[in-house]
Amino acid sequence: MKKITLSAMAMLALSGAAAAGTLTLYTDAATGQVYTTPGEGRAEMGDFVDAKTVYEENQAQDSAIVKKDVKAAKKGKTPVYSKASKLKFSGKHYLGYRYRDQKDSSIDNQSQFETRRNYFQVKAYMFDNPKSYMRITMDTYQNNNISWKYDSVDDNNEQAEKQGDSDYGSYDVRLKYAFLYLDNILPYTGVELGMVHRPWHDYEQKSGYLFRSIAKVFMEAKESADLSNSADLGINFKTKTPYLQTELGVFNGEGYHQQEMGQGNSFEWRVTGVLTGNGDKKTKPKKTTYAHISSFGQIQEESNKVGTRDSDVADGYDFNIYGFHGVYNQPEFLIAAQYIKSESDAPNDYKQGDGYSINGTYRFGGDKEYGIFGRYDRWDDDKKDYEKEYWLAGAYYDYNKNVRFIANAISTDKDKTDDVAANKYMDYMFTAEVNW
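The text that follows walks through the structure, step by step, so that each part is easy to find. The numbering scheme is per chain: residues are counted from 1 as the chain's sequence reads. Selection of residues for local features in this predicted model requires a pLDDT of at least 70, selection of side-chain atom pairs for listing and counting requires 80 or more, and totals for whole chains, interfaces and linings are taken over all residues. For the side-chain quantities, the full set of heavy atoms in the structure was used; hydrogens and water were omitted.

1. What to know about the environment of Thr137
The condition is simple: Here a strand is any run of E in DSSP of at least two residues, a helix any run of H or I of at least four, and the numbering for each starts at the N terminus. Using a 1.4 Å probe on the protein chains alone, a residue whose accessible area is under 20% of its type maximum counts as buried, one over 50% counts as exposed, and one in between counts as partly exposed. Note on contacts: a residue pair qualifies if any of its non-hydrogen atoms lie within 4.5 Å across the two residues.
Within the fold, Thr137 resides in strand S6 (residues 133-142). Classification of Thr137 as buried rests on a relative accessible area of 2%. Residues Thr137 and Ala178, spaced 41 residues apart in sequence, show a C-alpha to C-alpha distance of 6.4 Å. Here Thr137 is in contact with Tyr119, Phe120, Gln121, Arg174, Leu175, Lys176 and Tyr177, once residues within four sequence places are set aside.

2. Describing the nonpolar core
In globular proteins that are soluble, nonpolar side chains generally tend to be buried together. Inclusion rule: To define a nonpolar core, start from buried Ala, Val, Leu, Ile, Met, Phe, Trp, Tyr and Cys residues and group those joined through side-chain atoms within 4.5 Å.
Within the largest apolar cluster, 15 residues are counted, with the highest numbers of intra-cluster contacts made by Met219, Leu227, Ile321, Val327, Ile340 and Trp379. Counting only elements with at least two residues in this core, the list comes to strand S12 (290-303), strand S13 (317-330) and strand S14 (333-344). Once residues within four sequence positions are removed from consideration, Val327 is found in contact with Tyr203, Ser207, Gly208, Tyr290, Ala291, His292, Leu334, Ile335 and Ala336. Listed in part, the 12 residues of the second largest apolar core include Ala215, Phe373, Ile410 and Met429.

3. A closer look at the pairing of strand S7 (residues 171-186)
Stated precisely, the cut-off is as follows: Here, any two strands with at least 2 DSSP bridges between them count as paired.
In this structure, S6 lies alongside S7, joined through 10 bridges in antiparallel fashion. Bridge assignment links Arg135 to a residue of S7, and that residue is Phe179. Where S7 and strand S8 (residues 189-197) come together, six bridges link them in antiparallel fashion. Bridge assignment links Leu186 to a residue of S8, and that residue is Thr189. As consecutive antiparallel partners, S7 and S8 are separated by two residues, and within that stretch Tyr188 has a phi angle of approximately 65°, a positive value.

4. Considering unusual backbone geometry
Positioned with a positive phi, Tyr188 is a non-glycine residue whose angle comes to about 65°. As for its position among the elements, Tyr188 is in the loop between S7 and S8. Given the relative accessible area of 59%, Tyr188 is considered exposed.

5. Describing empty space enclosed by the protein
Condition: A cavity here means a set of points on a 1 Å grid, drawn over the protein atoms and nothing else, where a 1.4 Å probe fits but cannot get out; a pocket is an open set with protein on both sides within 12 Å along at least five of seven lines, and a residue lines either one if it has an atom within 4 Å of a point. Grid points are joined across faces, edges and corners, and a volume is the space filled by probe spheres set on the points. Under the grouping applied here, Gly and all other residues not named as nonpolar or charged are polar, the nonpolar ones being Ala, Val, Leu, Ile, Met, Phe, Trp, Tyr, Cys and Pro and the charged ones Asp, Glu, Lys and Arg.
Under the defined criterion, the tally for this structure stands at one cavity of 30 Å³ or more. Reported here for the largest cavity is a volume of approximately 80 Å³. Lining the largest cavity are Arg198, Pro199, Trp200, His201, Met219, Ser228, Glu268, Trp269, Phe296, Gly297, Gln298 and Ile321. Secondary structure elements with two or more residues in the lining of the largest cavity: strand S11 (266-274) and S12. Grouping the amino acids of the lining of the largest cavity by side-chain chemistry returns six nonpolar, four polar and two charged.

6. Describing the side chain of Asp427
Cut-off, in case you're wondering: Pairs of N or O atoms are called polar contacts if they sit within 3.5 Å, as long as, within protein, a hydrogen donor faces a hydrogen acceptor (for residues adjacent in sequence, only side-chain-to-side-chain pairs).
Following the sequence through the fold, Asp427 ends up in strand S19 (residues 425-435). Only 2.6 Å separates the side chain of Asp427 from the side chain of Arg98, close enough to count as a polar contact. A distance of 2.8 Å separates a polar atom in the side chain of Asp427 from a polar atom in the side chain of Arg100. Residue contacts for Asp427: discarding those within four places in its chain leaves Arg98, Tyr99, Arg100, Asn408, Ala409 and Ile410.

7. Structural notes on the pattern of salt bridges
Between side chains of opposite charge, a pair can form when the charged atoms approach closely. Cut-off, in case you're wondering: Any carboxyl oxygen of Asp or Glu that lies within 4 Å of a side-chain nitrogen of Lys or Arg is treated as forming a salt bridge with it.
Scanning all chains against the criterion turns up 18 salt bridges. Here Asp427 makes a salt bridge to Arg98, at a shortest N to O gap of 2.6 Å. You can see Asp427 sitting in strand S19 and its partner Arg98 sitting in strand S4 (residues 86-102), a full 329 residues away along the chain. With a relative accessible area of 1%, Asp427 lands in the buried category. Of the charged contacts in the structure, one is a salt bridge between Asp380 and Arg378, with a shortest N-O distance of 3.4 Å. We classify Asp380 as partly exposed; its relative accessible area is 22%.

8. As for the packing of aromatic side chains
Geometrically, a pair of aromatic rings is defined through the distance of the ring centres and the angle of the planes. Note the cut-off: Pairing of aromatic side chains requires ring centres within 6.5 Å, counting the rings of Phe and Tyr and the six-membered ring of Trp. Pairs whose planes differ by under 30 degrees are stacked, by over 60 edge-to-face, and all others tilted. Placement of a charge over a ring requires the Lys NZ or Arg CZ to be within 6 Å of the ring centre, with the centre-to-atom vector within 35 degrees of the ring normal.
Per the stated rule, a full pass over the model turns up 24 aromatic pairs. Plain terms: the ring middles of Tyr97 and Phe113 are 5.0 Å apart, the flat faces sit at 55° to each other, and that makes the pair tilted. A residue pair is termed long-range when its members are at least 10 positions apart, and Tyr97 in strand S4 and Phe113 in strand S5 (residues 110-125) qualify at 16 residues. Here the aromatic cluster, defined as three or more aromatic residues joined through ring pairs, consists of Tyr362, Phe364, Tyr370, Tyr397, Tyr399, Phe405 and Phe430. The residue whose ring lies beneath Arg100 is Tyr425, and the NZ or CZ to ring-centre distance is 3.5 Å. In this arrangement the basic side chain of Arg174 is found over the ring face of Tyr141, its NZ or CZ atom lying 4.1 Å from the centre.

So this is what it looks like as structure tokens:
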């Protein structure tokens, strides 16, 4: 009976205070009784708000949010909701035109507009550490784009028919990156897990060779070394200090657009000495001076990146890459050079050889918005005994911080007696590189 009486009294007290919205309650430690007024031996329990007030306040907040969203929508702004603390959207596009002048007069020259890359990226930042995030990057590519490999349209169509590809020539979307980045899990070190950056390619594209929109880096370009691509499933530990940068990772090894079939994984690395002591800062070639010396490469057992094209060995073969690179940059110019050697135990495979690449850029204008650049690659294949030579030269103009225009020429040649003539050509290109 006592409990019922006390509960009823408390409800009456709360109801009577509903108009005020907030009620302070007190309790007698000896008896446990609850009071609405202070007194001797009574301890304050705190302020309590009745359910009606809470409900009305929540309704008012929800109404304010809805009104804000409606107002924003009327101005052309659409609200975005996420469980992350912040979302960051960005895009990168390589749009252009190419005219290909074949060195063999029996092959028709080619003229075409191109969309070489269309990256759409989202980063979802985490609440507890503003430098940690989840990233996903999608890219477009032309499905089965073999038009540059064969001598005629009939050959292209025949090849597509053999592959049973009814979607030949269309532009598809594929995953480029999808990884969780956790910052500072070790001193000066973060980690990427998922479809991640491999240690070398992204570094060179941001520090040593800055014209990915017209040609891939030496290690990746098919006209040059053609050893690996820029993303793969794995884990990559990335360390930055003023005088030393490292990336150490374990990956499938085959890259983001080749199926993993071998049993072995690939250990890959980059170790960069930063002579100028600013290795912990973001690289800004048009604004800062830096000097880097790097060692990079991979060691992989049972790779199906090599060997399986020419054999029935499903487990693949060992495939190792060793490279050295140096770059010096100041706002007015950049010069870089590298040497790469690859080894495999696969018979009759083109993935074994060595070569070098040299590239440079000269910048001018008040904001360094103008520039000229050049690059020369040479790759010697040890097993098939042929040489590739590849050079490019061009000029650029930064229209604004989002758009760069580039005009350039590219020449490629492969010194091999039974080579497909279509691999020898001169390209004339115009490109709009767009970042937002």
